[in-house]
Amino acid sequence: MTEQKWQQLVRDKRRRQQEAIPKDWLVIPPPPVVLDVRTFPDTCGLLSDREVEITNTSDVDILLKKLATAEWSAVEVTTAFYKRAIVAHQLVNCLTEIFVERALARAAELDEHLKRTGQVAGPLHGLPISLKDQICIKGLEATMGYASWVGKYSDHDAVMTQILYECGAIPFVMTNVPQTLLWSETFNYVYGRTSNPANRTLTSGGSSGGEGALIGMKGSPLGIGSDLGGSVRYPSSFNGLYGLRPSYGRLPYSGCVNSLEGQDSSPSSLGPISDSLNGIKTFMRAVLSKEPWLRDPLCVRKKWDEEAYRLEEHGGGQKLCFGIIWDDGHVAPQPPVLRALQMTKKALEAAGHAVIDWQALKHQELYECLATIWIAGAISDISATTAETGEPRITSMSPEADPLVDTGVHYSSGISAYELWQVQKKRTTLREEYLAHWRATAARTGTGRPVDAIISPVAPFPPPPHGKTTISTYTMVWSALNYTCCAFPVTSVDPLLDAKKSPDAFFSEADKENYELYDPETFKNAPVGLQLVGGSLEEEAVIAMTELVDAALKAVPVTA
């Protein structure tokens, strides 16, 4: 069979990617039967003891302090994380663009600047930052999982990339995504599949799955993903990390490549992912300090709000009241997720906060509205990209299925503008109802305020086996409402604590399928996280309240 154009592009790109890896950074990876590979970089022999120490320093603020005082140079920190990232890539296949010399040259410039001036170059001085493969870096490819975009080199830096440089950061790798970005897992024809470092038979999530896997391996201290319907929150939760989904427009998106461009009824948001909650806060402060709205016309003109971070509208952070979602009335969470909810409730109550049950109001309707908006023109958007090379549209994330065989991921042929307006009108009505629903909780909280924030599953399951991430209602509902969300880690699957329990009845066929999917041994060691949900454009308060939740969980090591 004659090789098609897209296949030629894939072969060339894979060759170039492999050649970009320093030969002396290649390792002998553990065999496939070794599922948890998170600590392999510590013992593989490639990293020095000092490099192991650097890459295991999870707190971004500590890294920045050591960089600012020259205790650690930018070159040695970037080298350490680059080595670990390359090791991670050999284990879980998380990288796309690899540009070692360019990143180290940038690090050397920053070291020289600090030595010459005695001043840091910016609030993120010397910090290596990984970028999802859609955030353009001039001179590099951002394929977004499309074979059809191989060889298309960016002639500009995205606004976010520009700001990172101005903050003194070092963009050092780009990370894997699914074709189109419109998946909750990570697989494409160019780079292949990304796996979960805690259990390689499970998914790392998507569409920022390369970021999740890389940071889960401690191969990057902080990365930037994007979230349309959960694409920061899934990889964060599935890899035991923190991840912020800001309301759209809070961070600059200009200059990135994307799917569904022109669909600005419910656009995606760039958001940080880190093993450090401090990293999320420091990143947001740094980027907003550069006034991104002066370069991106769709970016909201809103500086970092220190009063909001101090929770002045939320009782100063004293005796908050959280609403907790045990289920959305459509799919019940599996036992590990339910245990995470119970742990969080007990921890918050032990810290002096109140927790009340939250009624999920019309979540399925919100989900359906958002899905309809997205798929209104999706097939035309995808076809316009793939037509030139003959690249097939991937229709399954399952390794067992032929990705060229349609397995049920259907896109409509399109709807009229008027029909789209009616869907958007319905969503506006639902948003109005949800706001009133939230405000009405003031009668139940005991604080005189409505519920301060909502604690919700990210998904009704921990990271599932590849191809099984089929339910996204728990993230998409908040995207439909444009609420700010922060994913946070809670626990991991323990077969003894998370035994399978038969329900009295199922909410839906999807609920039954979710129940049947769960097996404690299959999910063993899988990270389990939740998300904290605040109001629209409430990023500072959401970060602060997530800090309270995180501290409560760490202070009370309950297990059930």
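Note: the structure precedes this text.
What counts, and where the lines are drawn
- Residues numbered from 1 in each chain as written.
- Predicted model: local features only at pLDDT ≥ 70, side-chain atom pairs only at ≥ 80, totals over all residues.
- Heavy atoms only, no water.
- Salt bridge = Lys/Arg side-chain N within 4 Å of Asp/Glu carboxyl O.
- Helix = DSSP H or I, 4+ residues; strand = E, 2+ residues; numbered from the N terminus.
- Buried < 20%, exposed > 50% of the residue type's maximum accessible area, 1.4 Å probe, protein only.
- Axes fitted to C-alpha atoms, helices over the stretch in contact; angles between N-to-C directions.
- Left-handed = near helix turned anticlockwise from the far one by under 90°.
- Contact = heavy atoms within 4.5 Å.
- Nonpolar A, V, L, I, M, F, W, Y, C, P; charged D, E, K, R; others polar.
- Core = buried A, V, L, I, M, F, W, Y, C linked by side-chain atoms within 4.5 Å.

Draft legend 1. Geometry of the pattern of salt bridges. All chains considered together, the criterion is met by 29 salt bridges. One salt bridge in this structure joins arginine 16 and aspartate 12, with 2.9 Å as the shortest N-O distance. Within this pair, arginine 16 and its partner aspartate 12 are both found in helix H1 (residues 5–19), separated by four residues, close to a single helical turn. One salt bridge connects lysine 345 with glutamate 349, and the closest N-O pair in it is separated by 2.8 Å. Remark: glutamate 349 and lysine 345 occur in helix H12 (residues 335–350); sequence separation between them is four residues, near one turn of the helix. Glutamate 349 gets classed as partly exposed once you look at its relative accessible area, which sits at 38%. Each of the salt bridges in this network shares a partner with another, and the network as a whole consists of Asp12, Lys13, Arg15, Arg16, Glu19, Glu97 and Glu141.

Draft legend 2. Quick look at the packing of helix H13 (residues 363–375) against helix H15 (residues 417–439). Where H13 meets H15, the closest approach of the two axes is 10 Å, and the angle between their N-to-C directions is 150°. Of the two elements, H13 crosses H15, and the hand of that crossing is left-handed. Contacts from His363, Glu365, Leu366, Cys369, Leu370, Thr372 and Ile373 of H13 reach H15 at Leu420, Val423, Gln424, Lys426, Arg427, Leu430 and Tyr434. Residues belonging to the contact of H13 with H15 are distributed by class as follows: eight nonpolar, three polar and three charged.

Draft legend 3. Representation of the nonpolar core. Ranked by size, the top nonpolar core spans 143 residues in total, and within it Tyr82, Ile455 and Trp478 carry the most contacts. Counting residues per element, this core draws most heavily on helix H5 (residues 74–92), at eleven residues. In contact with tyrosine 82, other than residues within four places in its own chain, are Trp25, Ile98, Phe99, Val100, Ala103, Phe172 and Val173. Judged by nonpolar contacts, the second largest core, of twelve residues, contains Val10, Val150, Tyr189 and Ile394.

Draft legend 4. The arrangement of the environment of alanine 85 in detail. Its location among the elements puts alanine 85 in helix H5. Put simply, alanine 85 and phenylalanine 172 are 87 residues apart on the chain and 9.7 Å apart in space, counted from C-alpha to C-alpha.

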